[in-house]
Amino acid sequence: MKRFYLTVILMLCLIQIKAQMLEWDVGFFGFVDNREYAASGRESATFLGTQLSPEVGLLVDSTHRIRFGMNLLHEFGTKQFSNKISPTVYYNYQKDHISFYMGAFPRRGLTDDFSRALLSDTLIYFRPNHTGLLFKVEKPLLNQNIWIDWVSKQSVDQREQFMVGASGKVQLGMFFVAHDALLWHNALPDNPPEDMHLQDNVAITAQVGIDMTKISDLDSLTFGVGGILSADRLRGVYDWKGARGALIEVHGAYRSFFVHNTFYVGDRQALALGDDFYSEKLYNRLDLGWSPLRNKRFSAKLIASFHFTAGAIDNQQTLLLRYNIGSAHLLKNTRFK
């Protein structure tokens with residue numbers, strides 16, 4: 001972590017400042033996620049914790065941004081002040097409709113809305129920072145991003161692991177087309193044991209839908225239909241094994257309340273990092289949510305989720321709370337020395 005901070009400080013010392021901004025912000029994220037999955041034979045678990053994420057940096061020429069800070073995770077019930085400290089050090093280019101990130105940067109607002117089928121929602125709890133690169137194009141009727149997230153570097157006791165992802169949406173009047181795609185590469189450590197094998201896993205979801213918000217009395221009403229394609233291989237054990245299935249999603253919201261339903265039918269999916277419920281041939285998830293507080297700085301969300309599989313109904317209760325404060329200060333004709 002010291003090397004990250006030293007690198008950023010050296011970069012700041014080389015920047016000529018002309019009417020630019022010194023920025024800072026502090027984020028708080030609290031989560032309670034209780035999962036009662038025994039009915040379907042899955043492991044039940046409860047995740048409770050908080051994250052504190054201070055950042056400081058420079059916005060140069062309203063285009064180039066350099067930030068550094070950290071994310072401190074504390075899980076309730078443990079004695080440590082912080083169970084995990086993740087460095088936050090990144091460069092951000094932003095101009096017109098183009099954004100580019102490089103370094104260790106927060107997932108929030110960038111990849112945290114990725115398909116739950118491909119990336120489990122526990123990622124935002126325990127790995128809140130994306131480490132790698134992200135390129136994004138965002139226009140009123142089009143958004144698209146592509147990224148690489150380097151998870152683990154190869155060593156004697158550590159596998160080489162990385163993800164490559166892409167997601168996007170095109171809006172055509174009331175209609176839209178959306179997709180998410182993910183490659184997971186789970187390589188080997190140095191001098192691996194004979195029973196350890198390299199894994200590749202790829203998956204894509206695609207959907208066409210209609211946004212009926214403007215013709216309804218609700219604040220939001222969308223309907224989408226599409227599918228999932230995936231393939232997995234374990235080198236030296238089996239070659240590519242494919243799976244496919246159909247997805248139907250409905251979302252409705254009125255004031256602070258919302259309902260979201262996801263229905264899946266098809267093959268048993270082998271999704272390395274995705275929600276395990278998609279290993280069922282028939283699965284339905286119903287989310288009933290309430291967002292009593294929503295503004296620029298503070299948001300709270302309470303969700304009751306029901307997971308329907310063959311002969312079983314599991315349930316889940318989630319509370320998510322975010323609070324962010326920050327400011328920017330104008331700097332003029334200054335050089336860091």
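Here the structure is shown first, and the text comes after it.
A brief structural summary. (Residues numbered from 1 in each chain as written. Predicted model: local features only at pLDDT ≥ 70, side-chain atom pairs only at ≥ 80, totals over all residues. Heavy atoms only, no water.)

1. A look at the overall build of the protein
Rules: Here a strand is any run of E in DSSP of at least two residues, a helix any run of H or I of at least four, and the numbering for each starts at the N terminus. In this description the radius of gyration comes from C-alpha coordinates, and the expected globular size is given by 2.2 Å times residues to the power 0.38. The buried label goes to any residue with under 20% of its type's maximum accessible area, the exposed label to any with over 50%, and the partly exposed label to all in between, with areas taken from a 1.4 Å probe on protein chains only. Residue contacts are defined here by distance: any two heavy atoms, one from each residue, within 4.5 Å place the two residues in contact. For the accessible areas, the method is Shrake-Rupley and the probe is 1.4 Å, while residue cover comes only from the protein chains on display. Counting rule for charge: Lys and Arg are taken as positive, Asp and Glu as negative, and neither His nor the chain ends is counted. One atom stands in for each charge, and that atom is NZ of Lys, CZ of Arg, CG of Asp or CD of Glu.
When helices and strands are counted, the protein shows two helices and 18 strands. In terms of C-alpha radius of gyration, the protein reaches 22 Å, essentially the compact-globule figure of 20 Å for 337 residues. Based on the C-alpha atoms only, the size of the protein along its principal axes is roughly 65 × 60 × 45 Å. Taking all 337 residues of the protein together, 39% fall into the buried category. Taking the contacts inside the protein whose residues are at least 6 apart along the sequence as the reference set, 53% of them involve residues at least 24 apart. Of the roughly 18,700 Å² of accessible surface on the protein, a fraction of 61% belongs to carbon and sulfur atoms. Separation of charge centres in the protein, based on 36 positive and 33 negative side chains, amounts to 9 Å.

2. Section: empty space enclosed by the protein
Selection criterion: Grid spacing is 1 Å over the protein atoms alone, the probe is 1.4 Å, and a cavity is where that probe fits but cannot get out, while a pocket is an open set with protein on both sides within 12 Å along at least five of seven lines and lining residues have an atom within 4 Å of a point. Grid points are joined across faces, edges and corners, and a volume is the space filled by probe spheres set on the points. When residue character is reported, Ala, Val, Leu, Ile, Met, Phe, Trp, Tyr, Cys and Pro are called nonpolar, Asp, Glu, Lys and Arg charged, and the others, Gly included, polar.
Using the criterion set out here, one finds one cavity of 30 Å³ or more in the structure. In this structure, the largest cavity encloses a volume near 40 Å³. Leu118, Leu182, Trp184, Asn201, Ala203, Leu271, Ala272, Leu273 and Gly274 are the residues that line the largest cavity. Breaking the lining of the largest cavity down by element, the ones donating at least two residues are strand E10 (175-186) and strand E11 (199-211). Residue classes in the lining of the largest cavity are distributed as seven nonpolar, two polar and no charged.

3. Observations regarding the packing of aromatic side chains
Here is the rule: Aromatic rings from Phe, Tyr and Trp, taking only the six-membered ring of Trp, are treated as a pair when their centres fall within 6.5 Å; an angle between ring planes under 30 degrees marks them as stacked, one over 60 as edge-to-face, and anything in between as tilted. Cation placement over rings: the criterion is NZ of Lys or CZ of Arg within 6 Å of the ring centroid and within 35° of the ring normal.
Enumeration according to the criterion identifies 17 aromatic pairs in this entry. On the numbers, 6.1 Å between centres and 40° between planes, the contact of tyrosine 90 with tyrosine 101 is tilted. Of the two residues, tyrosine 90 sits in strand E5 (residues 84-95) while tyrosine 101 sits in strand E6 (residues 98-106), which places them 11 residues apart along the sequence. According to the relative accessible area criterion, tyrosine 101 is buried, its value standing at 13%. Relative to phenylalanine 105, the ring of tyrosine 90 lies with its centre 6.2 Å away and its plane at 65°, an arrangement referred to as edge-to-face. In this pair, tyrosine 90 sits in strand E5 while phenylalanine 105 sits in strand E6, placing the two residues 15 residues apart along the sequence. Residue class for tyrosine 90 comes out buried when judged on its relative accessible area of 9%. Three or more aromatic residues link up through ring pairs in this structure, and these residues are Phe29, Phe31, Phe47, Tyr125 and Phe126. Residue placement shows lysine 169 over the ring face of phenylalanine 176; its charged tip is 4.6 Å from the ring centre.

4. Thoughts on the pattern of salt bridges
Counted only if it meets this: Salt bridge, as used here: a side-chain nitrogen of Lys or Arg that lies within 4 Å of a carboxyl oxygen of Asp or Glu.
Scanning all chains against the criterion turns up 16 salt bridges. In this structure, the salt-bridge partner of aspartate 276 is arginine 42, at a minimum N-O distance of 2.6 Å. Here aspartate 276, found in the loop between strand E14 (257-266) and strand E15 (282-294), pairs with arginine 42, found in the loop between strand E2 (20-36) and strand E3 (45-60); they are 234 residues apart in sequence, far enough to count as distant. Judged by its relative accessible area of 14%, arginine 42 is buried. Among the charged side chains, a network of salt bridges with common partners joins Glu23, Asp25, Glu55, Arg65 and Arg67.

5. Structural notes on the side chain of asparagine 201
To be explicit about the condition: Whenever two N or O atoms come within 3.5 Å, that pair is a polar contact, provided that in protein one can donate a hydrogen and the other can accept it, and provided that, for residues adjacent in sequence, both atoms are side-chain atoms.
Position of asparagine 201 among the secondary structure elements: in strand E11. In this structure asparagine 201 comes out as buried when scored by relative accessible area, which is 5%. A distance of 2.8 Å separates the side chain of asparagine 201 from the side chain of aspartate 232, its partner in a polar contact. At 2.8 Å, the side chain of asparagine 201 forms a polar contact with the backbone oxygen of alanine 270. Aside from chain neighbours lying at most four places away, what touches asparagine 201 is Leu182, Leu183, Trp184, Ala231, Asp232, Ala270, Leu271 and Ala272.

6. A look at the environment of asparagine 261
Relative to the helices and strands, asparagine 261 is located in strand E14. Judged by its relative accessible area of 22%, asparagine 261 is partly exposed. Between the alpha carbons of asparagine 261 and histidine 251 there is a distance of 6.6 Å; along the sequence they are 10 residues apart. When neighbours within four sequence positions are excluded, asparagine 261 is seen to be in contact with Ile248, Glu249, Val250, Asn284, Arg285 and Leu286. Here the side chain of asparagine 261 touches asparagine 284 through a polar contact of 3.0 Å, side chain to side chain.

7. Digging into the environment of asparagine 92
Along the chain, asparagine 92 falls in strand E5. Judged by its relative accessible area of 1%, asparagine 92 is buried. Once the C-alpha coordinates of asparagine 92 and phenylalanine 298 are considered, the two residues, 206 residues apart in sequence, prove to be 24 Å apart. A polar contact of 3.1 Å, which involves the side chain of asparagine 92, links it to the backbone oxygen of phenylalanine 100.

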